[in-house]
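Spelled out, the chains give:
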Amino acid sequence: MAHQKSKVRTFERMGYRQVQRKNSRNKKLLLKEQQKWLKNQGYRNLGWDNVIALFKKIREIQQEEHIKSLSLEELFIEADRIGNKYLDSKEINQRNLAIAQELNQIADIMDNQFPDHTVEVIDYAQTSKGKRKL
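Below is a short write-up of the structure. Computed from a predicted model, the values in this text were never measured in an experiment. (Residues numbered from 1 in each chain as written. Predicted model: local features only at pLDDT ≥ 70, side-chain atom pairs only at ≥ 80, totals over all residues. Heavy atoms only, no water.)

1. Re the side chain of Gln 34
Inclusion rule: Numbering of helices and strands starts at the N terminus; helices are DSSP runs of H or I of at least 4 residues and strands are runs of E of at least 2. Polar contacts here mean pairs of N or O atoms no more than 3.5 Å apart (in protein, one a potential hydrogen donor and the other a potential acceptor; neighbouring residues in sequence count only if both atoms are side-chain atoms).
If you trace the backbone, Gln 34 turns up in helix α2 (residues 32-40). Within the local environment of Gln 34, its side chain forms a polar contact with the side chain of Glu 65, the two groups lying 3.1 Å apart.

Now the structure itself:
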């Protein structure tokens with residue numbers, strides 16, 4: 001009786017031990033409070049299902065930290081990128097055209113409300129009548 005070799009389980013192209021090692025490395029990069037929270041919530045790096053759950057939770061925490069570190073401009077860019085995933089190129093071009101037209105209208109309104117086009121020059125150079133001795 002010939003027995004078949006069992007199929008090796010993988011998660012994101014990694015075997016069990018590789019996922020465990022990656023979890024250990026990434027967990028060490030988290031804050032101590034986050035590590036304690038993971039432990040208190042029952043996330044373990046032992047057992048296939050536990051290892052995968054820990055991997056996903058660590059990734060989620062890292063993404064949250066990344067989002068917290070983004071500036072407002074970077075958040076808008078990220079939101080735009082995510083929104084563009086669900087549009088085809090024609091819809092993206094139409095949306096960009098609509099945004100450009102809206103920005104031009106806003107610029108025209110600003111020019112009408114603040115028509116002052118005079119340029120003011122301020123000279124901050126130090127001018128002295130005599131020579132200074134250093």
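Further notes follow.
2. Section: the packing of helix α1 (residues 16-29) against helix α3 (residues 48-69)
The following threshold applies: Think of each axis as a best-fit line through the C-alpha atoms, taken over the contacting stretch in the case of a helix, with angles from 0 to 180 degrees between the N-to-C directions. Take the far helix as the reference: if the near one is turned anticlockwise from it by less than a right angle, the crossing is left-handed, and if turned clockwise, right-handed. We call two residues in contact when some of their heavy atoms are within 4.5 Å. Three classes are used, and their members are as follows: Ala, Val, Leu, Ile, Met, Phe, Trp, Tyr, Cys and Pro are nonpolar, Asp, Glu, Lys and Arg are charged, and the others, Gly among them, are polar.
Remark: α1 packs on α3, axes separated minimally by 10 Å, with the N-to-C direction vectors making an angle of 35°. Note that α1 runs across α3; the crossing there is left-handed. Residues Tyr 16, Val 19, Gln 20, Lys 22, Asn 23, Asn 26 and Lys 27 of α1 form the contact with α3, whose participating residues are Trp 48, Val 51, Leu 54, Phe 55, Ile 58 and Gln 62. For the contact of α1 with α3, the class distribution of residues is 7 nonpolar, 4 polar and 2 charged.

3. Considering the packing of α2 against α3
At a minimum axis distance of 12 Å, the contact between α2 and α3 shows a crossing angle of 145°. When the axes of α2 and α3 are compared, the crossing they make is right-handed. Listed contacts from α3 to Gln 34, Trp 37 and Leu 38 of α2 are Leu 54, Lys 57, Ile 58, Ile 61 and Glu 65. Its residues placed into classes, the contact of α2 with α3 shows 5 nonpolar, 1 polar and 2 charged.

4. A closer look at the pattern of salt bridges
Rules: What makes a salt bridge here is a side-chain nitrogen of Lys or Arg within 4 Å of a carboxyl oxygen of Asp or Glu, nothing more. When a residue's accessible area, from a 1.4 Å probe over protein chains only, is under 20% of the maximum for its type it is buried; when over 50% it is exposed; and in between it is partly exposed.
Evaluated as defined, the whole model comprises 6 salt bridges. Asp 49 is the partner of Arg 9 in a salt bridge, and the nearest nitrogen-oxygen pair spans 4.0 Å. In this pair, Arg 9 sits in the segment before α1 while Asp 49 sits in helix α3, placing the two residues 40 residues apart along the sequence. The same class applies to Arg 9 as to Asp 49, namely exposed. In this structure, Lys 57 engages Glu 60 in a salt bridge whose closest nitrogen and oxygen atoms are separated by 3.0 Å. Of the two residues, Lys 57 and Glu 60 both sit in helix α3, 3 residues apart, roughly one turn of that helix. Look at Glu 60 and you get partly exposed, because its relative accessible area is 35%.

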